[in-house]
Amino acid sequence: MNTEEIKQRIQYLTDLINEYNHAYYILDMPKVSDYEFDLLLVELQNLESENPNFALPYSPTQRVGGTISKQFKSVVHRYPMLSLGNTYSLEDLYEFDARIRKLIDCPFSYV
């Protein structure tokens, strides 16, 4: 890609991801799967990393996707709620399991 194409792609991805964030967090109406969203975000992160002078100040890579919904009441969990994060392969699952086993020294199960 040439310089202008990179700038345009960063602008396009920024706008698109911001639109998807709004639909997901504010409207509670996701437009794409988490996997599709993550692929777009990774592409944007890579472009910004390789071309930091083109990164936009309102880029979704610079903040959390949305705000906390007021529709759900807060709950204190008996056990920590840990996230798989962006896990899309069996290897990622094994790595997550290994991290958990280092943190927890008693039998546990996944739900």
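Residues numbered from 1 in each chain as written. Predicted model: local features only at pLDDT ≥ 70, side-chain atom pairs only at ≥ 80, totals over all residues. Heavy atoms only, no water.

K.L.:
What's the story with the overall build of the protein in this structure? I'm lost.
P.N.:
On a plain count of helices and strands, the protein comes out with three helices and zero strands. From first element to last, N terminus to C terminus, the protein shows the α and β order α-α-α. Its C-alpha atoms give the protein a radius of gyration of 18 Å, more than 25% over the compact-globule value 13 Å for 111 residues. The principal-axis extent of the C-alpha atoms belonging to the protein is close to 55 × 35 × 20 Å. Residues counted as buried form 23% of the 111 residues belonging to the protein. (Helix = DSSP H or I, 4+ residues; strand = E, 2+ residues; numbered from the N terminus. Rg over C-alpha atoms; globule rule 2.2 N^0.38 Å. Buried < 20%, exposed > 50% of the residue type's maximum accessible area, 1.4 Å probe, protein only.)

K.L.:
Could you clarify how one ought to interpret helix α3 (residues 90-103) in this entry?
P.N.:
Along an α-helix, residues three or four positions apart point the same way, because every turn accommodates 3.6 residues. With 14 residues, α3 extends 20 Å from end C-alpha to end C-alpha; this agrees with the ideal 20 Å at 1.5 Å per step. Those residues of α3 that fall on the buried side of the exposure criterion are Phe 96, Asp 97 and Ile 100. One side of α3 holds all its buried residues, which, seen down the axis, span an arc of 100°. Residues of α3 that are exposed and point over 90 degrees away from its buried face: Glu 91, Tyr 94 and Lys 102. (Expected span 1.5 Å × (residues − 1). Arc of directions from axis to C-beta.)

K.L.:
Would you mind going over the side chain of Thr 87 with me for this structure?
P.N.:
By the element assignment, Thr 87 lies in the loop between α2 (34-50) and α3. Given the relative accessible area of 19%, Thr 87 is considered buried. Discounting chain neighbours no more than four positions away, the residues touching Thr 87 are Asp 92 and Leu 93. (Contact = heavy atoms within 4.5 Å.)

K.L.:
Help me out: how do you make sense of the packing of aromatic side chains in this one?
P.N.:
A ring pair, where both rings are aromatic, is described by two values, the distance of the centres and the angle of the planes. For the structure shown, the criterion picks out four aromatic pairs. With a centroid separation of 4.8 Å and an interplanar angle of 75°, the aromatic rings of Tyr 35 and Tyr 88 are classed as edge-to-face. Placement of the pair is Tyr 35 in helix α2 and Tyr 88 in the loop between α2 and α3, with a sequence separation of 53 residues. Taking 6.2 Å as the distance between ring centres and 45° as the angle between the ring planes, the aromatic pair formed by Phe 96 and Tyr 110 counts as tilted. Linking Phe 96 in helix α3 with Tyr 110 in the segment after α3, this pair joins segments that are 14 residues apart in sequence. Its relative accessible area of 7% is what places Phe 96 among the buried residues. Cluster of aromatic residues (ring-pair linked, three or more members): Phe 96, Phe 108 and Tyr 110. (Phe/Tyr/Trp six-rings, centres within 6.5 Å; stacked < 30°, edge-to-face > 60°.)

K.L.:
Would you take a moment to explain a nonpolar patch on the surface for this structure?
P.N.:
Together, Tyr 24, Tyr 25, Ile 26, Leu 27 and Met 29 give the surface a local cluster of nonpolar side chains, amounting to about 510 Å² of exposed area. Structurally, the position occupied by Tyr 25 is in helix α1 (residues 3-26). (Patch = residues over 30% accessible without salt bridge, like charges linked within 9 Å, V, L, I, M, F, W, Y side chains within 5 Å. Areas by Shrake-Rupley, 256 points an atom, 1.4 Å probe, with all protein chains shown as cover. Salt bridge = Lys/Arg side-chain N within 4 Å of Asp/Glu carboxyl O.)

K.L.:
Help me out: how do you make sense of the environment of Pro 52 in this one?
P.N.:
Considering the arrangement of structural elements, one finds Pro 52 in the loop between α2 and α3. Sequence spacing of Pro 52 and Cys 106 is 54 residues, and the spatial spacing of their C-alpha atoms is 45 Å.

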